[in-house]
Each structure stands twice: as structure tokens, then as C-alpha cells.
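Spelled out from the first residue to the last, the chains are:
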Amino acid sequence: MTTPPHPAPAPDPYGPGPLALRAFAGFGLLLVAVCVMATMAVTLTDAISGDGVGRGFVTAAFWAEGLAALAGAAALAVPRRALVVAQYSLALAGPLLALMD
């Protein structure tokens, strides 16, 4: 005797739809561009007024910005809430990591 297949979980009726997630991802790509500029400004300010050496936090900041852009592009193609959250988190982490250097 076989058991019946499990039904698919019902979608969240209060969650954002695919169109809204794509819109958030598109606005997130604009946020990524702004955060890249902020990361560059912080890095250049530190290079001029500081010791002139970029350490691991600057490298991590630019990696975070690149991964945020990748997550945003993926969220535009396949709208998932986790991708949009990762995009915004990584984008905002970039300037913060650069400030820690």
C-alpha cells in the first residue's frame, strides 16, 4: 500500500508576490550602485588620510558588493524573498566593512 503524496505548502497570502519581489530587487540594484560608490569613497578617504594600506575588511567590502549584485540579478530572474534579503544585507554590509578598516 502506498501513501498519498504530500500536498504542496500553500503560499503565504500576506507575502509579496513575484512582481513585488522583482521590483524590490530592481531597487536593490540601485542601492548596490550607491553602496559601491560609498565603499569606494570610504576606501579612498582611508587611503589618503590613513596609512594608505587596504586590509582585509576593504577586500571583504568589495566582495560583499559583488555578491549583492549577483544576488540582485538572481532575484530578478527567480524572485525569492531570501535572495532579496541577501541582496540588501550584502549591499549595506559593504560600506560598513570598509569603515571598519
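Scroll up a little and you will see the structure.
First things first, this report covers the structure right here in the doc. (Residues numbered from 1 in each chain as written. Predicted model: local features only at pLDDT ≥ 70, side-chain atom pairs only at ≥ 80, totals over all residues. Heavy atoms only, no water.)

## Focus on the pattern of salt bridges
Here is step 1 of the chain: If you walk through the whole model with that rule in mind, you get 1 salt bridge.
Here is step 2 of the chain: The shortest N-O distance in the salt bridge between D101 and R55 comes to 4.0 Å. Highlighted residues: D101 in the segment after α3 (81-100) and R55 in the loop between α1 (18-49) and α2 (56-77), separated in sequence by 46 residues. (Salt bridge = Lys/Arg side-chain N within 4 Å of Asp/Glu carboxyl O. Helix = DSSP H or I, 4+ residues; strand = E, 2+ residues; numbered from the N terminus.)

## Examining the packing of α1 against α2
Here is step 1 of the chain: Contact geometry of α1 with α2 gives a least axis separation of 9 Å together with a crossing angle of 165°. Taken together, the axes of α1 and α2 are roughly antiparallel relative to one another. Here the hand of the crossing between α1 and α2 comes out left-handed. Listed contacts from α2 to R22, A25, G26, L29, V32, C35, V36, T39, M40 and T43 of α1 are V58, A61, F62, E65, A68, A69, G72, A73, A75, L76 and A77.
Here is step 2 of the chain: Among the residues forming the contact of α1 with α2, the class breakdown is 15 nonpolar, 4 polar and 2 charged. (Axes fitted to C-alpha atoms, helices over the stretch in contact; angles between N-to-C directions. Parallel < 35°, antiparallel > 145°, perpendicular 65-115°, else oblique. Left-handed = near helix turned anticlockwise from the far one by under 90°. Contact = heavy atoms within 4.5 Å. Nonpolar A, V, L, I, M, F, W, Y, C, P; charged D, E, K, R; others polar.)

## Structural notes on the environment of A69
Here is step 1 of the chain: You can see A69 is positioned in helix α2.
Here is step 2 of the chain: Classification of A69 as partly exposed rests on a relative accessible area of 32%.
Here is step 3 of the chain: Considering only alpha carbons, one finds A69 and M37, 32 residues apart in sequence, at a separation of 13 Å. (Buried < 20%, exposed > 50% of the residue type's maximum accessible area, 1.4 Å probe, protein only.)

## Some words on the packing of α2 against α3
Here is step 1 of the chain: Packing of α2 against α3 brings their axes to within 8 Å, and their N-to-C directions diverge by 165°. Taken together, α2 and α3 sit at an angle that is classed as roughly antiparallel. Crossing geometry of α2 relative to α3 is assigned as left-handed. Only L83, V84, Q87, L90, A91, G94, P95, L97, A98 and M100 of α3 make contact with α2, whose side of the interface consists of F57, A60, A61, A64, E65, L67, A68, A71, G72, A74 and A75.

Note that every value here comes from positions in space, so none of it alone points to a role or purpose.
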